[in-house]
Amino acid sequence: MEPAVSKSKSKSKSSSSTTQPHVLLVTTDHWPAHLLGCAGHPVIQTPTLDALARCGRRFTNAYSECPVCIPARRSLLTGQSPRLPGDRTFQTTLPMPDVPTIADSFRNAGYQSCAVGKLHVYPQRLRAGFDDVILAEEGRPHWGVWDDYDIFLGDRGHAGRQFDHAMSNNQYTARPWHLPEDCHVTTWTAQQMSRTIRRRDPTRPGFWYMSFTHPHPPLVPPQHYWDIYNNIDLDEPVYGDWVPESWRDNTSNVDTAGGSANLKTGQPPTASDELCYRLNVQRNGWHVRSPQTIRTALQGFYALCTHIDHQIRLVLGTLREEGILDNTIIVFTADHGDMLGRHGLWAKRLFYEGSANVPFILVPQKNDSRVTENSCDDRLLGLRDVMPTLLEQAGLPIPESCDGIPVVGDRRRTHAYGECNEGPMSARMIHDGRFKLVYFPAGQCRQLFDLHSDPTELHDLSNINAHSGDLDRLTALLCSELYGSDLDWVDDAGVLVGLPDQKCPPLANRGLALQRGVHWPPAPVTPPPVGETNPGTN
């Protein structure tokens, strides 16, 4: 376990002083850390975020402790690791833990607090400590709530038409947005946040949370942003030496286990069963296989990112015109990343860099000497560190319930631990700042990567004798972090033995990964069952 960090027990005092800094927290969904111009990506256009990075500090080793939406956002909002609220399995109806949220902490200190966009808490209209929430919940009226974005579309004469583009919320087919650009949820989110800032109480500081739903699928950017990437050579996915030849979709396109793949679709004739169970499930769950479908998916994804980047400019412009930009602390991050075809894999819930490593940019108040402009920091941090970081930057006490730590100063972790799912679908991670152990208990699969020399995880060192000591050391650290049902993976002698491997069945997907239908007239209301645990997609 990581050493405890002392926190203030004193209650915060209410403040109406406008000298207190404002705070803007910006999050996205599915955005990998490497997908920034300032991170050296050869294609993506992110001029706004690149400019913010030059105004502050970019943290290169930020990780989602549980890289799937609900648990990740719970860590972000509470400053807690997944083990404290007990959520590492995407529990749709799990209540928020009874601890102060980041919004509670700012509001109790006299801040006005408002969230715009995606919260992903239950019930849907729960405010999680915010004074107000202007909600965009990715089209879930079938759960019984029409969110504010749905209502906006109705007011514009597009009631129930959010998903008329027919793209799935959890697949990688793509096309341009089907309604006017000002009706896109990304544009709406930035407009609503800008108006919220304009409507603030000028005698009180503001804590504003702007949570974009994209680049999470559906991949439906406005036409202008789709066109930006039309004639650009997009980077192709990379494949590690541990990846089966049949998974190298943009190279050989051959399934050595079951024969040649279909040359038009890239679809193999049989499901892959070549690696451990967990990876085979991930591979078989998404069928983006041909060079054409890979390029289309990346074009739609990159276009959504650039659209978000440009819309953030409007919010920064609003802060500037209101005369409060220099007195505003800004953080940009994401709940998790996306594999985007790396190693033949897509989506999240894994601890490879594409899925778990997230962007983290901190812009302090102007002339705050604690954060050097245009700097990078490679300390290990997680989403639970966002809340204590922003509270400390604003000079406010950190609740005792947080086990996150501020990312500015001398306190550093010796290692980071990640956990997602339970049982055979489990994935775990230990990262010491250089070496990373990725562990899948079903099949006792251990992979070791040296991220200093191999940042894209091309070479698995777990079977290299020269790194046996690193493997043993990180395995011991992993065992020290296990709890609950994970303890069954360790035998009576204290040896990590995992679980028996399983054969991965073909994964038919009749519902097209929770494909939305026509929402006008409204779809039947079918709320999720209380206690539902969703190991797949949502």
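Look above for the structure.
In what follows, the accompanying structure is described. (Residues numbered from 1 in each chain as written. Predicted model: local features only at pLDDT ≥ 70, side-chain atom pairs only at ≥ 80, totals over all residues. Heavy atoms only, no water.)

## A short note on the overall build of the protein chain
Logical step 1: Tallying secondary structure elements over the protein chain gives 11 helices and 14 strands in all.
Logical step 2: Here the C-alpha radius of gyration of the protein chain, 22 Å, is about what a compact globule of 538 residues would show, namely 24 Å.
Logical step 3: The dimensions of the protein chain, computed from C-alpha atoms along their principal axes, are 65 × 55 × 45 Å.
Logical step 4: Within the span of the protein chain, comprising 538 residues, buried residues form 60% of the whole.
Logical step 5: For the protein chain, the share of sequence-separated contacts (at least 6 apart) that also reach a separation of at least 24 residues comes to 72%.
Logical step 6: Within the structure as shown, the protein chain displays about 20200 Å² of accessible surface, and the carbon and sulfur contribution to it stands at 52%.
Logical step 7: Looking at charge distribution, the protein chain has the averaged site of its 50 positive side-chain charges lying 5 Å from that of its 61 negative ones. (Helix = DSSP H or I, 4+ residues; strand = E, 2+ residues; numbered from the N terminus. Rg over C-alpha atoms; globule rule 2.2 N^0.38 Å. Buried < 20%, exposed > 50% of the residue type's maximum accessible area, 1.4 Å probe, protein only. Contact = heavy atoms within 4.5 Å. Areas by Shrake-Rupley, 256 points an atom, 1.4 Å probe, with all protein chains shown as cover. Lys, Arg positive; Asp, Glu negative; His and termini not counted. Charge placed at Lys NZ, Arg CZ, Asp CG, Glu CD.)

## Some words on unusual backbone geometry
Glycine aside, residues mostly have negative phi, and peptide bonds are mostly found in the trans state.
Logical step 1: Cis geometry is found at the peptide bond from Y122 to P123, where omega equals -5°.
Logical step 2: Mapped onto the fold, P123 is located in the loop between β3 (112-117) and β4 (132-135).
Logical step 3: Of note, the bond from W520 into P521 is cis; its omega dihedral lies within 30 degrees of zero at 0°.
Logical step 4: Residue placement: P521 occurs in the segment after α11 (468-481).

## Section: the pairing of strand β12 (residues 427-431)
Logical step 1: Within β12, five of the five residues are buried, which leaves it mostly tucked inside the rest of the structure.
Logical step 2: Side chains A427, M429 and H431 of β12 all project onto a buried face; the interleaved residues R428 and I430 project onto the opposite face, where all are buried too.
Logical step 3: In terms of strand pairing, strand β11 (residues 416-420) meets β12 through five bridges, oriented antiparallel. Within β12, the residue paired with C420 across the bridge is A427.
Logical step 4: The hairpin formed by β11 and β12 contains six residues between the paired strands, and N421 there has a positive phi angle of roughly 70°.
Logical step 5: Examined bridge by bridge, β12 and strand β13 (residues 435-440) share four bridges and lie antiparallel to one another. Looking across to β13, one finds that H431 is bridged to K436.
Logical step 6: Hairpin connection of β12 to β13: three residues between the antiparallel strands, including G433 at a positive phi of 100°. (Pairing = 2+ DSSP bridges.)

## Thoughts on the state of the cysteines
Logical step 1: Applying the stated criterion to the full structure yields zero disulfides.
Logical step 2: The cysteine C55 is free of any disulfide, with C38 supplying the nearest cysteine sulfur at 11 Å.
Logical step 3: Just so you know, C402 is unpaired, no disulfide at all, and the nearest cysteine sulfur is the one on C66, 18 Å from it. (Disulfide = S-S within 2.5 Å.)

## Examining the packing of aromatic side chains
Logical step 1: Across all of its chains, the model carries 16 aromatic pairs by this definition.
Logical step 2: Ring centres 6.2 Å apart and planes at 20° place the aromatic pair Y149 and F152 in the stacked group. Remark: F152 and Y149 occur in helix α4 (residues 148-155); sequence separation between them is three residues, near one turn of the helix. Take Y149 and F152: they sit in the same class, and that class is buried.
Logical step 3: With 6.3 Å between their ring centres and 75° between their planes, Y352 and F449 make a pair best called edge-to-face. Of this pair, Y352 sits in the loop between β8 (328-334) and α9 (353-356) while F449 sits in strand β14 (residues 445-450); the two residues are 97 residues apart in sequence, bridging distant segments of the chain. (Phe/Tyr/Trp six-rings, centres within 6.5 Å; stacked < 30°, edge-to-face > 60°.)

## A closer look at the pairing of β8
Logical step 1: In terms of burial, β8 is a largely internal element, seven of the seven residues being buried.
Logical step 2: Residues T328, I330, F332 and A334 line one face of β8 and the alternating positions I329, V331 and T333 line the opposite face, and both faces are buried.
Logical step 3: Where strand β1 (residues 22-29) meets β8, seven bridges bridge the pair, whose relative direction is parallel. Along β8, the bridge assignment pairs L25 with V331.
Logical step 4: Two elements, β8 and strand β9 (residues 360-363), share four bridges in a ladder whose sense is antiparallel.

## Regarding the pattern of salt bridges
Logical step 1: In total, this model carries 36 salt bridges according to the counting rule given.
Logical step 2: Here R248 makes a salt bridge to E245, at a shortest N to O gap of 3.5 Å.
Logical step 3: Exposure remark for R248: the relative accessible area of 17% places this residue in the buried category.
Logical step 4: Of the residues examined, E245 reaches a relative accessible area of 41% and is grouped as partly exposed.
Logical step 5: Measuring nitrogen to oxygen at the nearest pair gives 3.1 Å for the salt bridge that ties D377 to R379. Across this residue pair, the class does not change: D377 and R379 are buried. (Salt bridge = Lys/Arg side-chain N within 4 Å of Asp/Glu carboxyl O.)

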